[in-house]
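# What the coordinates show
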Amino acid sequence: MEPFDLVVKGNIVLPDKVMNGAIGISKGKITHITDQQNGLVSKNVKDFNGSFIFPGFIDTHVHCYSNPDEGVAATSEAAAFGGVTTFFDMPYDRPDPINNVKIFEKKIQRLEGKTVVDICLWGTIAKKNGTDQIIPMAKAGAVAFKLSTFETDPYRFPRIPDPEILKAMKIIKEVNLRAAFHSENGEVIYQMIEEYQKKGKVYPRAHMETRPPVTETSAILKLLEFAYWTGAKLHIVHVSHPRSIELIQLFKKQGVQVTCETCYHYLLLDVHDLEEQGPRAKMNPPVREPEDVQKMWEKLEGNQIDMITSDHAPWSLEQKIKGKDNIFKSPSGLPGVELLIPLMFDGGVMSGRLTPVQFAHLLATHPAEAYQVPGKGKITIGYDADLTIIDPSKQTIIDEMKLHSQAKLTPFNQKKLRGKIIETIIRGNTVFDGTKITADMNYGKFVPGSAAE
Ligand SMILES: [Zn+2]
């Protein structure tokens with residue numbers, strides 16, 4: 001056997017079991033996996049015994065340009081620190097959303113020299129007459145398309161009218177990509193917010209009260225039915241409520257190709273955190289009642305949720321604090337790409353609710369499979385040597401001031417977590433060594449989607 005460029009030893013989290021052994025890596029790929037500790041030859045051997053070697057984690061829901069002060073470099077460093085080896089950047093950029101092929105290609109160029117991790121890019125469409133850009137963007141490498149039933153901004157983050165959604169789904173099906181949706185019923189929400197504001201009901205909890213579960217579930221139900229009739233592959237982003245999962249399961253059983261994600265905050269926070277922390281715990285959809293959170297965990301443990309994402313939205317504290325006295329004035333969203341893995345490892349694996357194998361499925365394998373990202377998402381021969389090492393005997397203490405995003409805030413500040421990310425490896429090279437970034441900012445690559453030409 002030829003010597004390997006790198007050999008990594010430890011508790012390897014394979015697709016079906018955890019195995020103590022060694023991985024041989026050559027030219028950035030996994031070329032050998034063995035349950036023997038010795039026998040693989042390399043000048044570069046990393047011994048992680050006592051730690052888990054996970055497939056590099058994939059966060060499919062990151063908005064690095066929704067705050068122009070953030071940009072891709074800070075987000076990509078935050079990702080490397082957080083054990084995320086590939087993230088998907090959302091299309092709702094400022095000033096222009098990624099809704100045509102020219103803007104899409106410009107965004108690929110903008111990543112050059114600015115990322116240490118690998119990146120896939122989402123596309124979207126304009127509110128009207130935008131569907132003709134879907135195929136060109138797919139050919140240029142869009143990994144999937146994100147649309148919304150809720151209007152955050154009429155240009156940048158519009159609500160797409162139903163006829164345009166149906167048209168888009170048919171075209172997205174032609175290129176065999178996935179159509180993902182922010183699913184909330186804006187008509188109900190906007191009217192409720194207006195009524196609440198008129199009555200001066202602007203306390204933090206009002207954010208949840210004006211977005212009751214029916215606003216999420218009814219929007220999802222429509223999309224499921226659209227997917228049933230068009231045959232398009234559907235994905236529902238940031239599901240906050242167990243009823244939504246039940247609807248998704250119902251349609252899955254009928255053959256609809258639907259996947260879904262929840263976010264760490266819908267598993268680790270509830271409405272009491274919104275009451276206590278106000279804008280710091282404000283995101284769309286909102287956090288829910290404790291009993292709903294409990295049911296979300298049950299769905300997760302029962303493998304009814306495909307993946308967990310961060311919905312990283314890097315608003316600064318200054319911007320968030322605008323909602324101090326009126327929750328509706330605070331922008332929605334939290335930074336999270338750096339905290340997703342540490343928080344979920346503590347809350348999921350260390351608490352005994354998820355096995356390491358389930359954890360790898362939710363945060364690496366399923367995202368890669370759902371979006372057909374070639375060569376990523378699991379530890380198997382021929383795949384990219386993207387690995388995240390977690391030492392379960394060490395501790396992580398969250399310090400919001402030390403986050404690598406420009407947004408220095410989290411509702412989990414000062415929380416002590418069991419487990420620590422001690423190394424992040426991408427294509428066989430260490431990008432984070434447990435204390436600092438160890439690769440150049442031109443190391444990360446744009447990873448084109450499966451319809452790219
Ligand atoms: Zn989002």
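Residues numbered from 1 in each chain as written. Predicted model: local features only at pLDDT ≥ 70, side-chain atom pairs only at ≥ 80, totals over all residues. Heavy atoms only, no water.

When a metal carries six donors in an octahedron, the ideal angles between them are 90 or 180 degrees, while four donors in a tetrahedron ideally lie at 109.5 degrees. Protein coordination at the zinc ion: the donors are H61 (NE2), H63 (NE2) and D311 (OD), at 2.0 to 2.2 Å from the metal. Within one chain, the residues serving as donors to the zinc ion are arranged as H-x1-H-x247-D. One end of the pair, H61, is in strand β5 (residues 57-62); the other, D311, is in the loop between β12 (307-309) and α12 (317-320), with 250 residues separating them in the sequence. By the burial criterion, H61 is buried, and D311 matches it. (Donors = N, O, S within 2.8 Å, 3.2 Å for Na, K, Ca; no water. Helix = DSSP H or I, 4+ residues; strand = E, 2+ residues; numbered from the N terminus. Buried < 20%, exposed > 50% of the residue type's maximum accessible area, 1.4 Å probe, protein only.)

We now examine the domain arrangement of the protein chain. By the assigned domains, the protein chain splits into domain 1 (6-53 + 382-432) and domain 2 (56-370). Each of domain 1 and domain 2 has a C-alpha centre, and the two are 26 Å apart. Counting from both sides, the interface comprises 35 residues of domain 1 and, opposite them, 42 residues of domain 2. Contact between domain 1 and domain 2 buries roughly 3,300 Å² in total, counting both sides, with carbon and sulfur atoms accounting for 68%. Interface area lost by domain 1 to domain 2 is led by H404, L409 and R418, which between them contribute 22%. Linking domain 1 with domain 2 are 3 salt bridges. The residue D118 makes a salt bridge to R427 at a minimum N-O spacing of 2.7 Å. For the side of domain 1 that touches domain 2, the secondary structure elements donating two or more residues are β13 (387-397), β14 (416-426) and β15 (429-432). With 7 residues, the top contributor of residues to the side of domain 1 that touches domain 2 is β14. A class-by-class count of the residues in the side of domain 1 that touches domain 2 yields 20 nonpolar, 7 polar and 8 charged. (Domains from an automatic or database assignment. Contact = heavy atoms within 4.5 Å. Buried area = accessible area lost by both parts, 1.4 Å probe. Salt bridge = Lys/Arg side-chain N within 4 Å of Asp/Glu carboxyl O. Nonpolar A, V, L, I, M, F, W, Y, C, P; charged D, E, K, R; others polar.)

Regular strands show a simple pattern: their side chains alternate between the two faces of the sheet. For strand β1 (residues 6-13) and strand β2 (residues 18-26), the ladder comprises 8 bridges, and the chain directions are antiparallel. Note on β2: the bridge partner recorded for V7 is G24. Hairpin connection, β1 to β2: the antiparallel pair is bridged by 4 residues. Where β2 meets strand β3 (residues 29-34), 5 bridges bridge the pair, whose relative direction is antiparallel. In the strand pairing of β3, G24 is matched with H32. Between β2 and β3, which pair antiparallel and follow one another directly, the connecting turn spans 2 residues, one of which, K27, has a positive phi of 50°. (Pairing = 2+ DSSP bridges.)

Among the 6 residues in strand β7 (residues 118-123), 6 count as buried, and that is most of the element. With burial as the criterion, each face of β7 is covered, one bearing D118, C120 and W122 and the other bearing I119, L121 and G123. Relative to strand β8 (residues 144-148), β7 runs parallel, the two sharing 2 bridges. Bridge pairing in β8 links W122 to A144.

Spatial ordering of the open sheet is given by β3-β2-β1-β4-β13-β14-β15, a layout of 7 strands whose pairing is mixed. Bordering the open sheet on either side are β3 and β15, each of which pairs with just one other strand. Each strand axis lies, on average, 45° off the axis of its neighbour in the sheet, ignoring direction. Where strand β4 (residues 45-55) and β13 come together, 4 bridges link them in antiparallel fashion. Among the inter-strand pairings, P55 is bridged to a residue of β13, identified as L387. Contacts from helix α13 (residues 340-350) reach β4, β13 and β14, with the element oriented near 120° to β14. (Axes fitted to C-alpha atoms, helices over the stretch in contact; angles between N-to-C directions.)

The next point concerns the UniProt feature "domain: Amidohydrolase-related" (unreviewed entry) in the protein chain. Taking the numbering used here, the UniProt-annotated feature "domain: Amidohydrolase-related" (unreviewed entry) corresponds to residues 52-431. In residues 52-431, helix accounts for 38% and strand for 18%; the two terminal C-alpha atoms are 17 Å from one another. (UniProt positions renumbered as here; feature names shortened; annotations may be inferred.)

Moving on, we come to unusual backbone geometry. Of note, the bond from R94 into P95 is cis; its omega dihedral lies within 30 degrees of zero at -5°. Within the secondary structure, P95 sits in the loop between β6 (84-89) and α2 (101-111). The omega torsion of the bond from N284 to P285 falls at -15°, within 30 degrees of zero and hence cis. Locating P285 in the fold gives a position in the loop between α10 (271-277) and α11 (290-301). Positioned with a positive phi, N303 is a non-glycine residue whose angle comes to about 60°. Structurally, the position occupied by N303 is in the loop between α11 and β12. Judged by relative accessible area, which is 56%, N303 ranks as exposed.

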